[in-house]
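As a plain string of letters, each chain reads:
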Amino acid sequence: MSARHFGTMALAGACLLAVPAFAQEEGRSPIVRQAFKLAPTDGCFHYEGNAVEFIGRFRAGSYVSVTMHTLDEVGQPLPASDEQRVPVMDAPEFRVSGPALWFGPLPASRPYTISFMPTAAFGYSGRVTICGRGFPPS
């Protein structure tokens, strides 16, 4: 794992630990967690709502792509230049170009948690797509 990956995970962990106290102080609702399974038709999970954490099971060796878009007041994605959500996962990051952030190969078969930073985006609606596959992206 790279130093950048450890730095990202440390920052994400710190953000997640700080959220419950901040949420209580500001009167925000608690963190919304969403369990998911990938659809057999396209190998993806599609979600729209306020969830902050997504929990799903993957097999060892899998690769996972995550795209997240914040939605405005009328339910439309913010322009790419205004998007701030950065997906984080408790797995190694896999570098490829494109709009999705990839993770893998996953080290073990188990449930994994996917979230995002910054925590300032918590509580706002978003559109999330999580896809999995058994071979590396190109």
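Scroll up for the structure.
Novice: Can you help me understand unusual backbone geometry in this one?
Specialist: Peptide bonds are trans in most cases, and residues, glycine excluded, mostly fall at negative phi. Cis geometry marks the peptide bond from Gly-104 to Pro-105, where omega comes out at -10 degrees. Tracing the backbone through its elements, the reader meets Pro-105 in the loop between strand 7 (101-103) and strand 8 (110-117). At the junction of Met-117 and Pro-118, the peptide bond is cis and its omega measures out at 5 degrees in the coordinates.

Novice: Whenever I open this one, the sheet that holds strand 9 (residues 126-133) confuses me. Can you help?
Specialist: Spatial ordering of the open sheet is given by 2-9-4-7-6, a layout of 5 strands whose pairing is antiparallel. Either end of the sheet is taken by a strand with one partner, and the two such strands are strand 2 (44-49) and strand 6 (93-94). The sheet contact formed by strand 6 and strand 7 spans 2 bridges and is antiparallel. Looking across to strand 7, one finds that Phe-94 is bridged to Trp-102.

Novice: Is there a simple way to explain the pattern of salt bridges in this structure?
Specialist: Where charged atoms from two side chains of opposite charge approach closely, those side chains can pair. By the definition in use, this model includes 4 salt bridges. Here Glu-53 makes a salt bridge to Arg-33, at a shortest N to O gap of 2.7 Å. In this pair, Glu-53 is assigned in strand 3 (residues 53-58) and Arg-33 in strand 1 (residues 33-35), connecting sequence segments 20 residues apart. Judged by its relative accessible area of 11%, Glu-53 falls in the buried class.

Novice: Whenever I open this one, the sheet that holds strand 8 confuses me. Can you help?
Specialist: Whenever strands of a sheet pair, they do so through backbone hydrogen bonds, lying parallel or antiparallel. What the 4 strands build is an open sheet, ordered 1-3-8-5; its pairing is mixed. Each having just a single partner strand, strand 1 and strand 5 (86-89) make up the two edges of the open sheet. Strand after strand, the sheet turns through a mean of 25 degrees between neighbouring axes, direction not considered. Pairing between strand 5 and strand 8: 4 bridges, direction antiparallel. Across the sheet, residue Val-88 finds its bridge partner in strand 8, namely Ser-115.

Here is what the cut-offs are and how they apply
Residues numbered from 1 in each chain as written. Predicted model: local features only at pLDDT ≥ 70, side-chain atom pairs only at ≥ 80, totals over all residues. Heavy atoms only, no water. Helix = DSSP H or I, 4+ residues; strand = E, 2+ residues; numbered from the N terminus. Pairing = 2+ DSSP bridges. Salt bridge = Lys/Arg side-chain N within 4 Å of Asp/Glu carboxyl O. Buried < 20%, exposed > 50% of the residue type's maximum accessible area, 1.4 Å probe, protein only. Axes fitted to C-alpha atoms, helices over the stretch in contact; angles between N-to-C directions.

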